[in-house]
Amino acid sequence: MYISCSSERKMVEIPREGEAIIAGYWSPQLDLCSHPVSLKWKDGKVNTLETLDSLESCAKISSLQWNSYFLLPGWIDVHVHLALDSLDFYQCLENWAQPSLIEDNIERYLQRYLEMGIVGIRDGGDLPGFSWMAKNKVREGVWSGPGIISVREAVNRAGMYGRFLGRGFIDFLDWRDKESGFFDQGLDQLKVIVTGLIRFDAFHKVGPTQWTVEELKGLVESAHERGKLVMAHASGEEGISVAIAAGVDSIEHGYYITTGQLELMKKKNIAWVPTVAPIGNILKYPSDRYSSLEIDTLKRILEGQLSRIYEAYCLDVRMGVGTDAGAYRVPHAEGFYDELDWMIQAGIPRLEVYRMATRENSQIVGKPDWGRLDIGTPMNQLQLVNGFR
Ligand SMILES: [Zn+2]
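All values derive from a computational prediction rather than experimental measurement. Throughout this description, residue numbers start from 1 for each chain and increase along the sequence as written. For this predicted model, a pLDDT threshold of at least 70 governs which residues receive local features, and a threshold of 80 or more governs which side-chain atom pairs are given and counted, while totals over whole chains, interfaces and linings are taken from all residues. Heavy atoms from the whole structure form the basis of all side-chain values; hydrogens and water molecules are not counted.

Undergrad: Teacher, can you tell me more about the overall build of the chain here?
TA: For the chain, the count of helices and strands is 12 helices and 16 strands. Throughout, the radius of gyration refers to the C-alpha atoms, and the reference size of a globule is 2.2 Å times the residue count to the power 0.38. A globule of 389 residues ought to have a C-alpha radius of gyration of about 21 Å, and the chain, at 21 Å, matches this closely. Judged by the C-alpha coordinates and their principal axes, the chain covers about 70 × 45 × 40 Å. We call a residue buried when its accessible area falls under 20% of the maximum for its residue type, exposed when it is over 50%, and partly exposed in between, using a 1.4 Å probe and counting protein chains only. Of all 389 residues assigned to the chain, the portion counted as buried reaches 56%. Contact criterion: two residues are considered in contact whenever any of their non-hydrogen atoms come within 4.5 Å of each other. Long-range contacts, defined here as pairs at least 24 residues apart, represent 70% of the contacts in the chain between residues at least 6 apart. Total accessible area computed for the chain in this model is approximately 16,200 Å², and 48% of it derives from carbon and sulfur atoms. In this text, helices come from DSSP runs of H or I with a minimum length of four residues, and strands from runs of E with a minimum of two, each type numbered from the N-terminal end. Areas reported here follow the Shrake-Rupley algorithm with a probe of radius 1.4 Å; residue values treat only the protein chains shown as occluding.

Here it is as structure tokens:
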């Protein structure tokens, strides 16, 4: 079996049973331990974690050279698009006509996720179903990769934003007509496109809202009746209000969210996945692609988003770490480390961000046994981190 050594971006082969001295560990379950620890595992699962008080005992048992590493739960990225390449959106959509090209890309991304300590991802969908295919290949052991929760195809209004994410329904009646067939295709969560995109050249402008509260409630209820969580792509005050009123489980992006909306989300236990990287990374890794008007707008959006994130943290709103990986300047796996940094830059203490990236993210993806380090956790769900502080 393998464990991720994320600080060196590699997978390390380990026996099913073994022991090592590590520099410490952190998890939402066990908290931080910064003393040398004797780690033993059996049948591929953590068996004991014992703090060592003397250096002699350190010297005697270690067969593996892990004494500079901390053991942590693997990360979860709750918003990615495996079918997008983070380089050129329009070229990538053209490449969808050559599935083998896309499949090769995805296989590489999945390996990189593991190497960088990301053991679970939630994919926000693509019309041809590449992410659903990837999910099944990993589940069947054909590909190695993180666990994948896939929405398969998103629900959007025909002629409005999201044509690459879903087939598009003419109206709510059209959805009702096709609803059972849609669920019968198979999906892990329901993704609904509630609004269009933000604009980089006009502050506060967002593409139109696609559903009324009543319609979106109908969509949410059909999903909940089938035991599926609902992730809602929504930005702008109007669309976010619709999503909250309809009782979705998570709001994705949520640019221009207000304090009042955060308070409502706290009350209704709705999670927010603020995806800072797609805007922040354009500023962090400059190119000549955007005009100075666009750069200025992006700066204002970023500043607002970071302040709302800190407010959400203070209000104790459920918040997840999701990147929108595949978007321009948000490479799969690497982008997750940018997103962690953005959350820290918003003012959230590092270990609180790590708790979001593990425990809260496991709730958002509906997999409470992911994002853990405890006795009994499979070693391949963990990561070794050098120089943890
Ligand atoms: Zn998305």
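Read on, since the account is not over.
Undergrad: Which parts of the structure should I look at to understand the layout of surface pockets?
TA: Over the atoms, a rolled probe matching the size of one water molecule traces out where space is still vacant. In this model, the largest pocket occupies a volume close to 890 Å³. Those elements giving two or more residues to the lining of the largest pocket turn out to be α2 (89-95) and α9 (277-284). Polar here means any residue other than Ala, Val, Leu, Ile, Met, Phe, Trp, Tyr, Cys and Pro, which are nonpolar, and Asp, Glu, Lys and Arg, which are charged; Gly is therefore polar. Residues that form the lining of the largest pocket fall into these classes: 19 nonpolar, nine polar and eight charged. Elements with a contribution of two residues or more to the lining of the second largest pocket: β1 (2-5), α3 (99-115), α4 (130-139) and β11 (147-150). For the lining of the second largest pocket, the class distribution of residues is 12 nonpolar, eight polar and three charged. Source of the domain bounds: an automatic or database domain assignment. Split by domain, the residues of the lining of the second largest pocket number at least three in each of domain 1 (2-73 + 372-386) and domain 2 (75-364). Within this scheme a cavity is a closed region of a 1 Å grid, computed over the protein atoms alone, that accommodates a 1.4 Å probe without allowing it to escape, whereas a pocket is open but has protein on both sides within 12 Å along at least five of seven lines; lining residues each have an atom within 4 Å of a point. Grid points are joined across faces, edges and corners, and a volume is the space filled by probe spheres set on the points.

Undergrad: How do you make sense of the environment of Tyr109 when you look at a structure like this?
TA: Within the secondary structure layout, Tyr109 lies in helix α3. Residues Tyr109 and Ala333 lie 224 residues apart in sequence; the distance between their C-alpha atoms is 7.3 Å. In contact with Tyr109, not counting residues within four places along its chain, are Leu82, Leu84, Asp85 and His332.

Undergrad: Would you mind showing me how to read the domain arrangement of the chain here?
TA: Many analyses report the size of an interface as the accessible area lost when the parts associate. The domain boundaries assigned to the chain delineate domain 1 (2-73 + 372-386) and domain 2 (75-364). Facing 15 residues of domain 1, the contacting portion of domain 2 comprises 14 residues. Once two parts are put together, the accessible area they lose, assessed with a 1.4 Å probe and summed over both, is termed the buried area. Roughly 1,200 Å² is buried in total at the junction of domain 1 and domain 2, and carbon and sulfur atoms are behind 65% of that figure. Of all residues in domain 1, the largest losses of buried area upon contact with domain 2 belong to Arg9, Met11 and Trp26, amounting jointly to 43% of the total for that side.

Undergrad: Please explain the sheet that holds strand β4 (residues 24-27) as it appears in this structure.
TA: One key point about sheets: their strands pair by backbone hydrogen bonds, in either a parallel or an antiparallel sense. Here the rule is simple: two strands pair whenever DSSP picks up at least two bridges between them. Strands sit in the order β2-β1-β16-β8-β4-β5 across an open sheet of six strands; the sheet is mixed. Each edge of the open sheet carries a strand with a single partner, namely β2 (10-13) and β5 (31-33). On average, each strand axis in the sheet is inclined to that of its neighbour by 25°, with strand direction left out of account. Sitting on the sheet, α3 touches β1 and β2, and the angle it makes with β2 is about 70°. The axes are straight lines fitted to the C-alpha atoms, using for helices just the contacting stretch, and the angles between their N-to-C directions are given from 0 to 180°. Against the sheet, helix α12 (residues 350-364) touches β4, β5 and β8 (69-73), its axis set at about 65° to β4.

Undergrad: Teacher, can you tell me more about the coordination of the zinc ion here?
TA: Octahedral metals with six donors have ideal donor angles of 90 or 180 degrees. Tetrahedral metals with four donors have an ideal donor angle of 109.5 degrees. Coordination here is defined by N, O and S atoms within 2.8 Å of the metal (3.2 Å for Na, K and Ca), and since water is not considered, a site can look incomplete. Donor atoms from the polypeptide that bind the zinc ion are His79 (NE2), His81 (NE2) and Lys191 (NZ), placed at 2.0 to 2.8 Å. As a motif over one chain, the donors of the zinc ion read H-x1-H-x109-K. With relative accessibility at 0%, the residue His79 sits in the buried group. Under the relative-accessibility criterion, His81 is labelled buried at 5%.

Undergrad: Looking at this structure, I do not really get the nonpolar core. What am I missing?
TA: It is characteristic of soluble globular proteins that their nonpolar side chains tend to be buried jointly. Side-chain atoms within 4.5 Å link the members of a nonpolar core, which is a set of buried Ala, Val, Leu, Ile, Met, Phe, Trp, Tyr and Cys residues. The biggest cluster of nonpolar side chains holds 94 residues, and the ones touching the most others in it are Leu82, Leu190, Leu216 and Ile251. A domain split of this core shows at least three residues from each of domain 1 (2-73 + 372-386) and domain 2 (75-364). The contacts of Leu190, once residues within four sequence positions are left out, are Val155, Trp175, Phe182, Phe183, Leu219, Ala223, Lys228, Leu229, Val230 and Met231. Val46, Leu49, Tyr69 and Leu382 belong to the second largest nonpolar core, which has 19 residues in total.

Undergrad: Explain the sheet that holds strand β9 (residues 75-80) here, please?
TA: Within the open sheet, the three strands sit side by side as β9-β10-β11. Their pairing is parallel. Of all the strands in the sheet, just β9 and β11 have a single pairing partner and so form its edges. With direction set aside, neighbouring strand axes in the sheet form an average angle of 15°. Here β9 pairs with strand β10 (residues 118-123) via four bridges, running parallel. Within β10, the residue paired with Trp75 across the bridge is Ile118. Where α3 meets the sheet, it contacts β9, β10 and β11, and its direction lies at approximately 135° from that of β10.

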